[in-house]
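Read off the chains here:
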Amino acid sequence: MGDVTASILNSKARVAEDVFGWNRSTVKLGMNEFKSDILCVNDLSARKKPKAEEKDPRLLADIIEIMNPHSEADSRLRTTLLYTNMTATAVYNCLLHKGWSEEELPTVRTISNILDRHDYRLRTVVKTKVQKKLRTQTRFSKTSGK
């Protein structure tokens, strides 16, 4: 990008953005790399924020201990999801009763994200749901005359 921009477009990053659709900051980075012969490497993996369960593994162990009695697998075993009727707020309250302080615990939304990442889904349990009989209407009646 830097070589093309320098040779064709007189080192104009805005023109390269319009002509080629390249990001202007990426073009500037490429031009700096081309001029200095030093490759600039972005370490994006070091920028990510660690997840709450990575910061404190005891939190995940306690959440799993709380959720296991209240969850069950799909009755047809088609997915690895565990269906539960326990909300993230209820898990938060159970963690408080277990001895965690409010300062140590993440927010309820973060606990909800943890439950989603570990395949706990808040759904009514399929086995206990009463299934209704559905009446199907016939498309054409025998008395319609057609």
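In this text the structure is predicted, and so the values were computed from the model without any measurement. (Residues numbered from 1 in each chain as written. Predicted model: local features only at pLDDT ≥ 70, side-chain atom pairs only at ≥ 80, totals over all residues. Heavy atoms only, no water.)

**Q** When you look at helix H7 (residues 108-117) in this model, what are you seeing that I'm missing?
**A** Each α-helix turn comprises 3.6 residues. Residues three or four places apart therefore point the same way. Along H7, the positions that sit buried rather than exposed are Ile 111, Ser 112, Ile 114 and Leu 115. Mapping the buried residues of H7 onto a view down its axis gives an arc of 160 degrees, with all of them on the same face. Where the residues of H7 are buried, they touch helix H4 (52-55), helix H5 (57-67), helix H6 (88-98) and strand S3 (120-122). (Buried < 20%, exposed > 50% of the residue type's maximum accessible area, 1.4 Å probe, protein only. Helix = DSSP H or I, 4+ residues; strand = E, 2+ residues; numbered from the N terminus. Arc of directions from axis to C-beta. Contact = heavy atoms within 4.5 Å.)

**Q** How should I be thinking about the packing of helix H2 (residues 13-20) against helix H3 (residues 24-36) in this particular structure?
**A** Helix-helix packing is described using two parameters, namely the angle between the two axes and the distance between the axes. The contact between H2 and H3 brings their axes to 9 Å, and the two run at 125 degrees. Classified by the angle their axes make, H2 and H3 are oblique. Read as a crossing pair, H2 and H3 show a hand that is right-handed. Along the contact surface, H2 presents Ala 13, Arg 14, Ala 16 and Glu 17, while H3 presents Arg 24, Val 27 and Lys 28. Across the contact of H2 with H3, the residue classes break down as three nonpolar, no polar and four charged. (Axes fitted to C-alpha atoms, helices over the stretch in contact; angles between N-to-C directions. Parallel < 35°, antiparallel > 145°, perpendicular 65-115°, else oblique. Left-handed = near helix turned anticlockwise from the far one by under 90°. Nonpolar A, V, L, I, M, F, W, Y, C, P; charged D, E, K, R; others polar.)

**Q** What's the story with the pattern of salt bridges in this structure? I'm lost.
**A** Should the charged atoms of two oppositely charged side chains come close, the side chains can pair. A full pass over the atoms with the stated rule returns five salt bridges. Between Lys 98 and Asp 62 there is a salt bridge, and its shortest N-O distance comes to 3.6 Å. One end of the pair, Lys 98, is in helix H6; the other, Asp 62, is in helix H5, and 36 residues separate them in sequence. The exposure class assigned to Lys 98 is partly exposed, which follows from its relative accessible area of 36%. For Glu 65, the salt bridge is made with Lys 98, and the minimal N-O distance between the two is 2.9 Å. Placement of the pair is Glu 65 in helix H5 and Lys 98 in helix H6, with a sequence separation of 33 residues. What emerges from the salt-bridge pattern is a single network uniting Asp 62, Glu 65 and Lys 98. (Salt bridge = Lys/Arg side-chain N within 4 Å of Asp/Glu carboxyl O.)

**Q** Could you clarify how one ought to interpret the packing of aromatic side chains in this entry?
**A** We describe a pair of aromatic rings using the distance from one ring centre to the other and the angle between the two ring planes. With the rule as written, the count across this model stands at one aromatic pair. With a centroid separation of 4.5 Å and 20 degrees between ring planes, the pair formed by Phe 20 and Trp 22 is classed as stacked. Overall, the relative accessible area of 23% leaves Trp 22 in the partly exposed class. (Phe/Tyr/Trp six-rings, centres within 6.5 Å; stacked < 30°, edge-to-face > 60°.)

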